[in-house]
Amino acid sequence: MKVSGFTFIRNAEKFDYPIVEAIQSILPICDEFIVMAGNSDDRTNELIKSINSDKIRIFQSVWDDNLRTGGRVLAEETNKAFSKIASDSTWAFYIQADEILHEEFLPIVQNAMLKWKDDASVEGLLFNYRHFYGSYDYVGDSTRWYRKEVRIIRNNPSIKSFRDAQGFRINDRPLKVKQVDATMFHYGWVKPPDKQQAKQKQFHRLWHNDEKVNKIVGQDDDFDYSVIDSLSHFTGAHPAVMKDRIARQNWKFSFDPTLKRLSVKSRFKLFIEKYTGWRVGEYKNYRLI
C-alpha cells in the first residue's frame, strides 16, 4: 500500500496558517507529500522547505483570483495537488493548512487504509472534527460547526474536489465512505486577532466583491472573537506538533462556557442531537457504507 499526502497553501506566514504542523502531523504515514504552493507574498515556500523531508514535493501555482463564485479557486487548487500524486498510490490523504491530525490517531488511520485498500466500493474515509475557537482552550459546541469530513480518498482521477474544497465527489455524486475512529483538530479560528481579521478579508474575497467583503468583515484591524454563540473548555491534549505554536500564543481570549447565545432552533437541534446522535438538517457530502 502506498499513500500520498496532498495539500495547497498560499500566504501561510501572512495569515498564520499552521501548514508546517499540518504536513508534519500526517507525514509519518505518507510515502510522499504533494504541496501545491500558490503565488504568495511571504516566505511560504521557505516554511515548507524547512520541514526538510525527501517525501515532500512542492509545485508552484498561480491562483485565479477572479474565481469568486462559491470559493471555487480552493477546489481548483485542491484538484491541482491531487493530480500530482504518484500513479501507483492506493490512497490520497488530503489535509488543509489549518488542520492537524493528533499522533494518537496515526495507527488507527493507517490500519483503516490497510483494511479497505482492496475494497473498491470504499472510495474514501471519513474523519470526525474538533473545531478550536479564539484560543487553544476552547472548542465550538453549537450546530454551526461541521462534525465530519472526508479526508482520505482513493487514487481515482474521476474524484474531484467539491465547491469550495468542502469534500469530494465522483461523477457529481458523494463518495461512498467508511468512518474512521479518528479526529481532525481544526485550528482555523485560532490566530492572533490581527491575522484572523486579515485572513477573513482575504477569505471572503473568494466569494464576494470588495464592497460586500467590507460589509461582512468590517474595517477594524482586529477580529472580534467575542461574537460567538457557544463554546466549551478543551480539556484534552493537543497534538505534539502544535506544542511550540501554542507556547507562542501572544493574545488573550476568555469565554464563559455557561453563556449560550443560541436561537430556539439551535437549542432544539442540540437537544435532539444529545439524546439521539442525529443532527437535524446536517449537510453530508458523503455516503456512509
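That block above? That's the structure.
Would you mind going over the pairing of strand β6 (residues 124-133) with me for this structure?
Every regular strand shows the same layout, with side chains that alternate between the two sheet faces. In terms of residue burial, β6 counts as a mostly covered element, since nine of its 10 residues are buried. Judged from the five bridges that link them, β6 and strand β8 (residues 148-154) form a sheet pairing that is antiparallel. Paired with Leu 125 across the strands is Ile 152, a residue of β8. Note that β6 and strand β12 (residues 176-189) share eight bridges and pair parallel. Residue pairing in the sheet places Leu 125 in a bridge with Lys 178 of β12.

Hey, could you run me through the layout of surface pockets in this one?
Left-over empty space is what a probe sized like a water molecule reveals as it rolls over the atoms. Here the largest pocket is characterised by a volume of approximately 1000 Å³. Around the largest pocket, the lining comprises 40 residues; the ones closest to its centre are Gln 96, Tyr 146, Asp 164, His 186 and Phe 203. Those elements that place two or more of their residues in the lining of the largest pocket are β1 (3-9), β8, β12 and α5 (193-204). Here the lining of the largest pocket gets four residues from one element, more than from any other, and that element is α5. Across the lining of the largest pocket, the residue classes tally to 16 nonpolar, 10 polar and 14 charged.

Honestly, the sheet that holds strand β11 (residues 173-174) in this entry has me stumped. Any pointers?
In a beta sheet, neighbouring strands pair by backbone hydrogen bonds and run either parallel or antiparallel. Read from one edge of the open sheet, three strands run β9-β10-β11, paired in antiparallel fashion. The open sheet has two edge strands with one neighbour each: β9 (159-161) and β11. This element, helix α3 (residues 72-82), spans β9 and β10 (168-170) of the sheet and lies at about 140° to β9.

Could you clarify how one ought to interpret the pattern of salt bridges in this entry?
It is possible for side chains bearing opposite charge to pair when their charged atoms get close. Enumeration according to the criterion identifies 15 salt bridges in this entry. A salt bridge links Lys 2 to Asp 88, with the shortest nitrogen-to-oxygen separation between them at 3.1 Å. With a gap of 86 residues between them, Lys 2 in the segment before β1 and Asp 88 in the loop between α3 and β4 (91-94) connect regions that are remote in the sequence. For Arg 147, the salt bridge goes to Glu 282, with nearest N and O atoms at 2.7 Å. Placement of the pair is Arg 147 in the loop between β7 (138-140) and β8 and Glu 282 in the loop between α8 (264-276) and β14 (287-288), with a sequence separation of 135 residues. According to the relative accessible area criterion, Arg 147 is partly exposed, its value standing at 22%. Residues participating in the shared-partner salt-bridge network are Arg 147, Glu 273, Arg 279 and Glu 282.

What is the right way to look at the nonpolar core in this model?
One recurring pattern in soluble globular proteins is that nonpolar side chains are buried together. In this structure, Ile 23, Phe 33, Phe 93, Leu 101, Val 109 and Phe 127 are the most contacted members of the largest nonpolar core, which totals 56 residues. If we ignore the near neighbours within four places in the chain, the residues touching Leu 101 are Ser 25, Ile 26, Phe 93, Ile 95, Leu 106, Val 109, Phe 127, Thr 183, Met 184 and Pro 239. Met 36, Ile 159, Ile 170 and Leu 175 belong to the second largest nonpolar core, which has 23 residues in total.

Criteria and thresholds
- Throughout, residues of each chain are indexed from 1 in the direction in which the sequence is written.
- Confidence filtering applies because this is a predicted model: local features only for residues at pLDDT of at least 70, side-chain atom pairs given and counted only at 80 or more, and all residues used for totals across whole chains, interfaces and linings.
- Derived side-chain values reflect all non-hydrogen atoms in the structure, with water molecules and hydrogen atoms excluded from consideration.
- Per-residue accessibility, obtained with a 1.4 Å probe over protein chains only, is compared with the maximum for each type, and a residue is labelled buried under 20%, exposed over 50%, and partly exposed between these values.
- Numbering goes from the N terminus for both helices and strands, where a helix is a DSSP run of H or I of at least four residues and a strand is a run of E of at least two.
- Each pair of strands is called paired provided DSSP finds at least two bridges between the two strands.
- Residues are said to line a cavity or pocket when one of their atoms sits within 4 Å of a point; the points come from a 1 Å grid over protein atoms alone, cavities being sets where a 1.4 Å probe fits but cannot get out and pockets being open sets with protein on both sides within 12 Å along at least five of seven lines.
- Grid points are joined across faces, edges and corners, and a volume is the space filled by probe spheres set on the points.
- Classes in brief: Ala, Val, Leu, Ile, Met, Phe, Trp, Tyr, Cys and Pro nonpolar; Asp, Glu, Lys and Arg charged; the others, Gly included, polar.
- Pairs of residues are marked as contacts when any of their non-hydrogen atoms sit within 4.5 Å.
- Where helices are involved, their axes are fitted lines through C-alpha atoms of the stretch in contact, as for all axes, and angles between N-to-C directions lie from 0 to 180°.
- The salt bridge definition used is simple: a Lys or Arg side-chain nitrogen within 4 Å of an Asp or Glu carboxyl oxygen.
- Residues belong to one nonpolar core when they are buried, are Ala, Val, Leu, Ile, Met, Phe, Trp, Tyr or Cys, and are joined through side-chain atoms within 4.5 Å.

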